[in-house]
Amino acid sequence: MMTEKEKTIVAIEKCRRYESTEVIEALKKIIQPFGGLKAMISPGQKVLIKPNLLAAAAPAEAVTTHPIIIKALVEMVHEAGGEAYIGDNPGSDDQQQTLEISGLKAIIEQTSAKALIFSGNSEQQVFGFQERIIPLARELEQMDLIINAAKLKTHALTGLTGAVKNNYGCLHGKIKKRYHMEHPLPLDFSRLLIDIYLAVKPAFSILDAIVAMEGTGPRRGKPRQLGLLMASTSAVALDSIAAEIAGFLPAQVTTIAAARELKLPGAFFEDIEIRGLKLEECRVKDFDRGPGGHGKISRLIASFPLAYFRNLLYARRPYPTVDSERCVECGICADNCPLQVIDCSSGIPEFELYEYIRCYCCQEHCAEGAIKLEHNRFPSS
Ligand code: SF4
Ligand code: SF4
């Protein structure tokens, strides 16, 4: 029988706004149950703070981890004697633009943290769902510790994106596109995400849920004030509690479903101990869970016992389609489609195939919000 001592801790605190003093105070409270950053960092150690930098989006859009949280973490790492680095492999090819628009360039200048530009691969062997080689960014090898600073958002493919999926940005280059292509079904993709998380091994995870994203996340949903900051040594436990707060069934978040298959620490609610706020104080009844978490069919699928059939049923996901009124014909969606099934040669995108993977990379990368998701139709121009 599991004892109280063996439970995975998740700490939750209120933080109403992105204001430095308030954020630092809340961060200290959620890190305290783990002994504080000083207990984790030895003087002189290199610490990577890994934000969610999905796209070149302003902080108010709730697409990226808020810069005030990153700034507070940098200051706390420095206070603990560590050397802070900030690094991610953003969706956009223009990393400098992403850093600037997300507010992180200013934070790097203000705090003397160093930007870590991922420039090559280092192969890591993992034994998760299968023995596989994960090509992580080479620069990760130079780091002594990784703090995973994630953003809570809905995700059309996995239900929710939080601490587990944030590790996907530790891959280098275009491998992210290839992985999407090779793992078209949500549960398969989530098993890969778990293996990547096991390869990255962040020491600690923070979840920015002060303003989360609901609806059609992770790029085009709506900002939703939750006023919460959360932390754990287990990204799986953190996402499990975040899913509870947002009203998902655990199996609707396929990264949690995958973690349960491996019986990872924090995958089951009864293995988690919550510190700080009580879960009842945090639940949001009307959170818009988006395409992955709504309706009776989605709930039925989530409770379906056999992973294989559940995977097939999840394939009933919506298709992307183009709003020609909003489209500025930039071609970025085509550049980022792993299957290269978008043809922008005559301006407005045309989807060339009916059988494709619905990874939603096109929607994530469209800065104009011109790609929408629709059920029960094949894609059209
Ligand atoms: S749909 Fe978006 S990304 Fe694609 S061409 Fe139009 S504006 Fe650009
Ligand atoms: S068209 Fe969009 S959803 Fe379909 S494979 Fe390409 S990027 Fe993914």
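See above for the structure.
Calculation rules
- Residues numbered from 1 in each chain as written.
- Chains lettered and ligands numbered in written order.
- Predicted model: local features only at pLDDT ≥ 70, side-chain atom pairs only at ≥ 80, totals over all residues.
- Helix = DSSP H or I, 4+ residues; strand = E, 2+ residues; numbered from the N terminus.
- Buried ≥ 20, exposed ≤ 12 C-beta atoms within 10 Å, placed from the backbone.
- Contact = placed C-beta atoms within 7 Å.
- Core = buried A, V, L, I, M, F, W, Y, C linked by C-beta atoms within 7 Å.
- Domains from an automatic or database assignment.
- Pairing = 2+ DSSP bridges.
- Near = placed C-beta within 6 Å.
- Nonpolar A, V, L, I, M, F, W, Y, C, P; charged D, E, K, R; others polar.
- Axes fitted to C-alpha atoms, helices over the stretch in contact; angles between N-to-C directions.
- Parallel < 35°, antiparallel > 145°, perpendicular 65-115°, else oblique.
- Left-handed = near helix turned anticlockwise from the far one by under 90°.

J.: Outline the overall build of the protein chain, listing residues and values.
T.: A tally of helices and strands in the protein chain yields 14 helices and 15 strands. Across the 381 residues in the protein chain, those meeting the buried criterion constitute 50%. Across the protein chain, every contact between residues at least 6 apart in sequence was considered, and the portion connecting residues at least 24 apart equals 76%.

J.: Quick rundown of unusual backbone geometry? Include the residues and the values.
T.: Across the junction of Gly217 and Pro218, the peptide omega takes the value 15°, indicating a cis bond. Mapping Pro218 onto the fold places it in the loop between β9 (204–214) and β10 (222–232). Located in the positive-phi region is Glu329, a residue other than glycine, with phi close to 60°. Relative to the assigned elements, Glu329 resides in the loop between β12 (319–322) and α13 (332–335). Since 13 C-beta atoms lie within 10 Å of it, Glu329 is described here as partly exposed. Positive phi values are uncommon outside glycine, yet Tyr360 reaches one of about 70°. Within the element layout of this structure, Tyr360 appears in the loop between β14 (350–351) and α14 (361–365).

J.: So what about the nonpolar core? Which residues, and what values?
T.: Residues Ile49, Leu73, Ala209, Leu229, Met230 and Ala242 are the most contacted members of the largest nonpolar core, which totals 113 residues. Residue-level mapping places this core at the junction of two domains, with at least three residues from each of domain 1 (4–282) and domain 2 (318–381).

J.: Describe the pairing of β9, listing the residues and the values that go with them.
T.: With respect to burial, β9 is a largely interior element, 11 of its 11 residues being buried. Taken together, the six bridges between strand β7 (residues 145–155) and β9 define a ladder with parallel strand orientation. By the bridge assignment for β9, Ala150 is matched with Leu207. The sheet contact formed by β9 and β10 spans nine bridges and is antiparallel. Bridge pairing in β10 links Ala209 to Leu228.

J.: Go over the environment of Ser42, please, and point to the residues and values.
T.: For Ser42, the position within the fold is in the loop between α2 (37–40) and β2 (46–51). The exposure class of Ser42 is exposed, given the 12 C-beta atoms found within 10 Å. Between the C-alpha atoms of Ser42 and Val77, which are 35 residues apart in sequence, the distance is 9.9 Å.

J.: Could you give me a rundown of the site of ligand 1, with the residues and numbers involved?
T.: Lining the immediate environment of ligand 1, one finds 14 residues, of which Cys327, Cys330, Cys333, Cys366 and Ala370 sit closest. The class makeup of the residues in the shell around ligand 1 is 11 nonpolar, one polar and two charged.

J.: Give a description of the packing of helix α7 (residues 186–200) against helix α9 (residues 254–261) that names residues and reports values.
T.: Any two packed helices are characterised by how steeply their axes cross, that is the angle between the axes, and by the distance between the axes. Between α7 and α9, whose axes approach to 8 Å, the crossing angle comes to 65°. With respect to α9, the axis of α7 lies roughly perpendicular. The hand of the α7/α9 crossing is right-handed. Mapping the contact onto sequence places Pro186, Leu187, Ser190, Arg191, Leu193 and Ile194 in α7 and Thr254, Thr255, Ala257, Ala258 and Ala259 in α9. When grouped by side-chain class, the residues that make up the contact of α7 with α9 number seven nonpolar, three polar and one charged.

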